[in-house]
Amino acid sequence: MRILFIEDEVKITDALQELCKIQNIDCDVANDGEEGLLFALNPIYDVIVLDIMLPMKSGLEILKEVRDRDITTPVLMLTAKGTVDDKVKGLDLGADDYLIKPFSAKELFARIRALSRRPDHEIKGEIISFEDVSFNTKKNMMQTPENEYKLSVKEAKILEMLLKRPNQVFTREQILDRVWGFDKEVNENNIEIYVHNLRKKLANTNVKIDTIRGVGYTLSKK
């Protein structure tokens, strides 16, 4: 799982980053609205935790722009405000859940886990399914009608990213960000090697990975 925290209180984001490390969760942090929007427009995240009261640009402005771009990443609104109007406004703009400060870390991560299990395709526990392919995210096992494959860590991350959002085009940069991290210098040719390996494993299924020339990759039904 990869989470984006958009929150201007550094003490909170520092604590959340430490908790993510303990739980082996990848996360990124933005401490103002403008930076947060740049991160949020990158569809590599499983959940966005978004504060309403932010410098530079409000959380509601970020949420509106994200949804206007047809980005469907689940969003948990985080705010000190507790009025009904604030909740309604956020939910009307496309927020998936709401949590009022102060909150317990236990409840926050429980809500994050719940939101991460709400994609547009079928997810049952740790199993992601699309057409006749299923993937166990904990064991990195891909099941096809004819075979079962143990995927490498990089193959698993790429497949999970594509399976979670079928028919969405992911740029090479987005895949590099998700699989290798923002600070890693990796040759883009490395992606093609892993995609080639996945294509061989998907050969006898109803699923294919297409290359969008000059852009990136998308997974769809054959």
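The model shown is predicted, which means the values in this text are computed figures rather than measured ones.

**Q** Would you explain the layout of surface pockets in this entry?
**A** Rolled over the atoms, a probe with the dimensions of a water molecule shows which regions are left empty. Roughly 740 Å³ of internal volume is contained in the largest pocket. Contributing to the lining of the largest pocket are 25 residues, with Met1, Thr137, Lys138, Glu160 and Lys164 lying nearest its centre. Contributing elements (two or more residues each) for the lining of the largest pocket: helix H5 (105-116), strand S7 (127-130) and helix H6 (153-164). No other element matches H6, which puts six residues into the lining of the largest pocket. Counted by class, the lining of the largest pocket contains nine nonpolar, six polar and ten charged residues.

**Q** Quick question: what am I supposed to make of the pattern of salt bridges here?
**A** Working definition: two side chains of opposite charge can pair if their charged atoms are close together. Going through the model one piece at a time under the given rule, you end up with 15 salt bridges. For Lys21, the salt bridge is made with Glu18, and the minimal N-O distance between the two is 3.6 Å. Of the two residues, Lys21 and Glu18 both sit in helix H1 (residues 10-22), three residues apart, roughly one turn of that helix. What makes Glu18 partly exposed here is its relative accessible area of 45%.

**Q** Help me understand the sheet that holds strand S3 (residues 47-51) in this model?
**A** Pairing is parallel across the open sheet formed by five strands, whose spatial order is S2-S1-S3-S4-S5. Strand pairing shows two members of the sheet lacking a second neighbour, strand S2 (26-30) and strand S5 (97-100), which therefore form its edges. Going across the sheet, the axis of each strand differs from the next one's by a mean of 20°, ignoring polarity. Sheet topology places strand S1 (residues 2-6) next to S2; five bridges connect them, and they run parallel. By the bridge assignment for S2, Ile3 is matched with Cys27. Packed onto the sheet, helix H2 (residues 33-40) meets S1, S2 and S3 and runs at close to 145° relative to S2. Each of S1, S3, strand S4 (75-79) and S5 is contacted by H5, which is oriented at about 175° to S5, the strand it contacts most.

**Q** So what exactly am I meant to see when it comes to the nonpolar core here?
**A** As a rule of thumb, nonpolar side chains are buried together in soluble globular proteins. Membership of the largest hydrophobic core comes to 46 residues, with the highest contact counts inside it found for Ile6, Leu50 and Met77. For this core, the leading source of residues is H6, giving six residues. Lining this core are residues from two domains, each supplying at least three of them: domain 1 (1-114) and domain 2 (125-219). Apart from the residues lying within four places of it in its own chain, the contact partners of Leu50 are Ile6, Gly59, Ile62, Leu63, Val75, Leu76, Met77 and Leu78. Counting residues in hydrophobic clusters, the runner-up holds 16 residues, among them Leu16, Ile25, Val29 and Leu115.

**Q** How should empty space enclosed by the protein be read in this particular structure?
**A** Inspection of every chain in the model, using the stated rule, returns one cavity of 30 Å³ or more. Looking at the largest cavity, its volume works out to about 30 Å³. As for the largest cavity, its lining consists of Pro43, Ile44, Asp46, Met161, Lys164, Arg165, Phe170 and Arg178. Grouping the amino acids of the lining of the largest cavity by side-chain chemistry returns four nonpolar, no polar and four charged. Two domains share the lining of the largest cavity, each providing at least three of its residues, namely domain 1 (1-114) and domain 2 (125-219).

**Q** Looking at this model, I keep getting lost on unusual backbone geometry. Mind explaining?
**A** Of all residues except glycine, most have a negative phi; of all peptide bonds, most are trans. In this model, Lys101 is joined to Pro102 through a cis peptide bond whose omega is -5°. Among the structural elements, Pro102 can be located in the loop between S5 and H5. A positive phi angle, near 80°, is found at Met56, a position not held by glycine. Looking at the element boundaries, Met56 is found in the loop between S3 and helix H3 (59-68).

**Q** How do you make sense of the UniProt feature "modified residue: 4-aspartylphosphate" (unreviewed entry) in the chain when you look at a structure like this?
**A** Per the UniProt record, "modified residue: 4-aspartylphosphate" (unreviewed entry) is annotated on Asp51. With respect to the helices and strands, Asp51 occurs in strand S3. A relative accessible area of 2% means that Asp51 is categorised as buried. Look past the residues within four positions of Asp51 in its chain and what remains in contact with it is Ile6, Glu7, Asp8, Gly59, Leu78, Thr79 and Lys101.

**Q** Honestly, the sheet that holds strand S13 (residues 216-221) in this entry has me stumped. Any pointers?
**A** Strand-to-strand pairing in sheets goes through backbone hydrogen bonds, with the strands running parallel or antiparallel. Strand order in the open sheet made by the three strands is S11-S13-S12, with antiparallel pairing throughout. For this open sheet the edge positions go to strand S11 (170-171) and strand S12 (207-212), each flanked by a neighbour on one side alone. As judged from the six bridges shared by S12 and S13, these two strands associate in the antiparallel manner. From the neighbouring strand, Thr211 faces S13, where its bridge partner is Tyr217.

Parameters and conventions
Residues numbered from 1 in each chain as written. Predicted model: local features only at pLDDT ≥ 70, side-chain atom pairs only at ≥ 80, totals over all residues. Heavy atoms only, no water. 1 Å grid on protein atoms, 1.4 Å probe; cavity = no way out; pocket = protein on both sides within 12 Å on 5 of 7 lines; lining within 4 Å. Points joined across faces, edges and corners; volume = space filled by probe spheres on them. Helix = DSSP H or I, 4+ residues; strand = E, 2+ residues; numbered from the N terminus. Nonpolar A, V, L, I, M, F, W, Y, C, P; charged D, E, K, R; others polar. Salt bridge = Lys/Arg side-chain N within 4 Å of Asp/Glu carboxyl O. Buried < 20%, exposed > 50% of the residue type's maximum accessible area, 1.4 Å probe, protein only. Pairing = 2+ DSSP bridges. Axes fitted to C-alpha atoms, helices over the stretch in contact; angles between N-to-C directions. Contact = heavy atoms within 4.5 Å. Core = buried A, V, L, I, M, F, W, Y, C linked by side-chain atoms within 4.5 Å. Domains from an automatic or database assignment. UniProt positions renumbered as here; feature names shortened; annotations may be inferred.

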